[in-house]
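Residues per chain are reported as follows:
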Amino acid sequence: MNQLDALRQWTTVVADTGDFRQLAQFKPQDATTNPSLILKAVQKPEYRPLLDEAVRKHNGQPIDEVIDRLLVRFGTEILSIIPGRVSTEVDARLSFDPEATIARAERIVGLYRAEGVDIEKRLLIKIASTWEGIEAARQLEKKGIHCNLTLLFSFAQAVACGAAGVQLISPFVGRIYDWYKKSAGSHWNEADKAGANDPGVKSVRQIFDYYKKHGIATEVMGASFRNVGQIAALAGCDLLTISPELLGELAASDAPLSHALDAEAARRLDIPKVTLDEPAFRFALNEDAMATEKLAEGIRAFAADAVKLEKLMEAT
């Protein structure tokens, strides 16, 4: 049994890509996309016709609507290959505007419905884990629109998402690792910070244990991996979304893989329940320099790629 097959024993495997032609070989249950991945895909010759088609068919419509149509086109192609759900992201520039986030999410849902997609079972709307994004997700979930809260770096964000009843969260393992490694500089010891000691892995474990201890139904999906060691250290997490490159490494390895996260064991832990209102959330996030910086950086990066995608369309 290779490591990818071993991982499937305990964890739902999700592919993190806009390159849907790579999906079939790895047989993921779900798939996630983001503006950066879609931008990367449409710059390849095999995917450029999808962008050209979206521009041609919807010429004269607002550019943000044409982009949503392109995202949905990628999403429906992905859904034709996988059995589960696709995550499609709301424009990161709306991360601090709950009303606009809700409106954009509902438009994306409407476009998927027009393609005959079962919204309840097959779609997750990705939203940044700001206070405003979490509030938007709370309202969307009440409408039966399931959400994937992304750019999640802190325990406070996870607590708020759980309280809001969101379907799924995506804690970013690799970006947390990146921050701590950069912060430590020459003092960083890779061997000492590998596996279960990786700061990104530790963050996901804390969230996973807290959710299971308190019966919080929100799914935990580790994301943004830098190496297979991080993935192996989170075997047993509800889901893990993994790049095609790392899926390939897992499939090519027959090294032992053990069950790392255990929901039953988590339920026996002594973990106090945490409640955060908006001021407490904002203060807790502010106290976490890593989470504050990486959340802001992530929103800026996704927003910049959305602008690049717009310019690519305008030039078509």
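This text goes with the structure placed above it.
Every value quoted in this text rests on a predicted model; they were computed, and no experiment measured them.

1. Some remarks on the overall build of the chain
Each helix and strand in the chain was counted, giving 15 helices and eight strands. Taken over the C-alpha trace, the chain has a radius of gyration of 19 Å; the compact-globule value for 316 residues is 20 Å, and the two agree within 12%. C-alpha atoms of the chain, sized along the principal axes, occupy 55 × 50 × 40 Å. Split into buried and exposed, the 316 residues of the chain put 54% on the buried side. Put simply, 68% of the contacts in the chain that link residues at least 6 apart link residues at least 24 apart. In the chain, 38 positive and 44 negative side-chain charges are present, and the distance between their average locations comes to 2 Å.

2. Comments concerning the state of the cysteines
As enumerated under the stated definition, the model contains zero disulfides in all. No disulfide involves Cys147; its sulfur sits 9.7 Å from that of Cys161, the nearest cysteine. Cysteine Cys237 shares no disulfide, and the gap to the nearest cysteine sulfur, in Cys161, comes to 14 Å. The exposure class of Cys237 is buried, given its relative accessible area of 0%.

3. Side note on the pattern of salt bridges
Applying the stated criterion across every chain, the model contains 25 salt bridges. Among the ionic pairs, Arg93 bridges to Asp91, the shortest N-O distance being 2.7 Å. Between Lys181 and Glu190 there is a salt bridge, with the nearest N and O atoms lying 3.5 Å from each other. One network of salt bridges, in which partners are shared, links Asp64, Asp68, Asp91, Arg93, Arg104, Arg107 and Glu310.

4. Side note on the sheet that holds strand β6 (residues 168-171)
Backbone hydrogen bonds are what pair the strands of a sheet, in a parallel or an antiparallel way. As summarised here, the arrangement of the eight strands in space is β1-β2-β3-β4-β5-β6-β7-β8, forming a closed barrel in which the pairing is parallel. Adjacent strand axes in the sheet meet at a mean angle of 30 degrees when their direction is disregarded. As defined by bridge partners, strand β1 (residues 12-16) adjoins strand β8 (residues 239-242) across four bridges and the pair is classed as parallel. Paired with Ala15 across the bridge in β8 is Ile242. Packed on one face of the sheet, helix α5 (residues 98-114) meets β3 (86-89) and β4 (123-128) and runs near 155 degrees to β4.

5. Some remarks on the packing of aromatic side chains
For the structure shown, the criterion picks out nine aromatic pairs. Summarising the aromatic geometry, the rings of Phe20 and Phe74 are spaced 5.8 Å apart at their centres and angled 65 degrees between planes, so their arrangement reads as edge-to-face. Of this pair, Phe20 sits in the loop between β1 and β2 (30-32) while Phe74 sits in helix α4 (residues 63-79), placing them 54 residues apart in sequence. Accessibility classification places Phe20 together with Phe74 in one group, the buried group. On the basis of an interplanar angle of 85 degrees and a centroid distance of 5.7 Å, the ring pair of Tyr177 and Trp188 is categorised as edge-to-face. Residue Tyr177 is found in helix α9 (residues 173-184), and its partner Trp188 is found in the loop between α9 and α10 (199-213); the two are separated by 11 residues along the sequence. The class of Trp188 is buried, set by a relative accessible area of 15%.

6. Thoughts on the side chain of Asp238
Topologically, Asp238 is positioned in the loop between α11 (228-232) and β8. Only 3.0 Å separates the side chain of Asp238 from the side chain of Lys212, close enough to count as a polar contact. A polar side-chain atom of Asp238 sits 2.9 Å from the main-chain amide nitrogen of Val220. The contact partners of Asp238, leaving out residues within four places of it in the chain, are Thr11, Thr12, Phe208, Lys212, Thr218, Glu219 and Val220.

7. Section: the nonpolar core
In terms of nonpolar packing, the biggest core is built from 98 residues, with Leu70 and Ile169 touching the most fellow members. The contacts of Leu70, once residues within four sequence positions are left out, are Ile38, Val42, Leu50, Leu51, Ala54, Leu309 and Met313.

8. What to know about the packing of helix α8 (residues 155-164) against α10
Packing of α8 against α10 brings their axes to within 10 Å, and their N-to-C directions diverge by 30 degrees. In terms of orientation, α8 lies roughly parallel with respect to α10. Note that α8 runs across α10; the crossing there is right-handed. From α8, Phe155, Ala158, Val159, Cys161 and Gly162 reach across to α10, where they touch Gln206, Ile207, Tyr210 and Tyr211. Tallied by class, the residues present in the contact of α8 with α10 amount to seven nonpolar, two polar and no charged.

Scoring rules and cut-offs
- Residues numbered from 1 in each chain as written.
- Predicted model: local features only at pLDDT ≥ 70, side-chain atom pairs only at ≥ 80, totals over all residues.
- Heavy atoms only, no water.
- Helix = DSSP H or I, 4+ residues; strand = E, 2+ residues; numbered from the N terminus.
- Rg over C-alpha atoms; globule rule 2.2 N^0.38 Å.
- Buried < 20%, exposed > 50% of the residue type's maximum accessible area, 1.4 Å probe, protein only.
- Contact = heavy atoms within 4.5 Å.
- Lys, Arg positive; Asp, Glu negative; His and termini not counted.
- Charge placed at Lys NZ, Arg CZ, Asp CG, Glu CD.
- Disulfide = S-S within 2.5 Å.
- Salt bridge = Lys/Arg side-chain N within 4 Å of Asp/Glu carboxyl O.
- Pairing = 2+ DSSP bridges.
- Axes fitted to C-alpha atoms, helices over the stretch in contact; angles between N-to-C directions.
- Phe/Tyr/Trp six-rings, centres within 6.5 Å; stacked < 30°, edge-to-face > 60°.
- Polar contact = N/O pair within 3.5 Å; in protein donor to acceptor, adjacent residues only side chain to side chain.
- Core = buried A, V, L, I, M, F, W, Y, C linked by side-chain atoms within 4.5 Å.
- Parallel < 35°, antiparallel > 145°, perpendicular 65-115°, else oblique.
- Left-handed = near helix turned anticlockwise from the far one by under 90°.
- Nonpolar A, V, L, I, M, F, W, Y, C, P; charged D, E, K, R; others polar.

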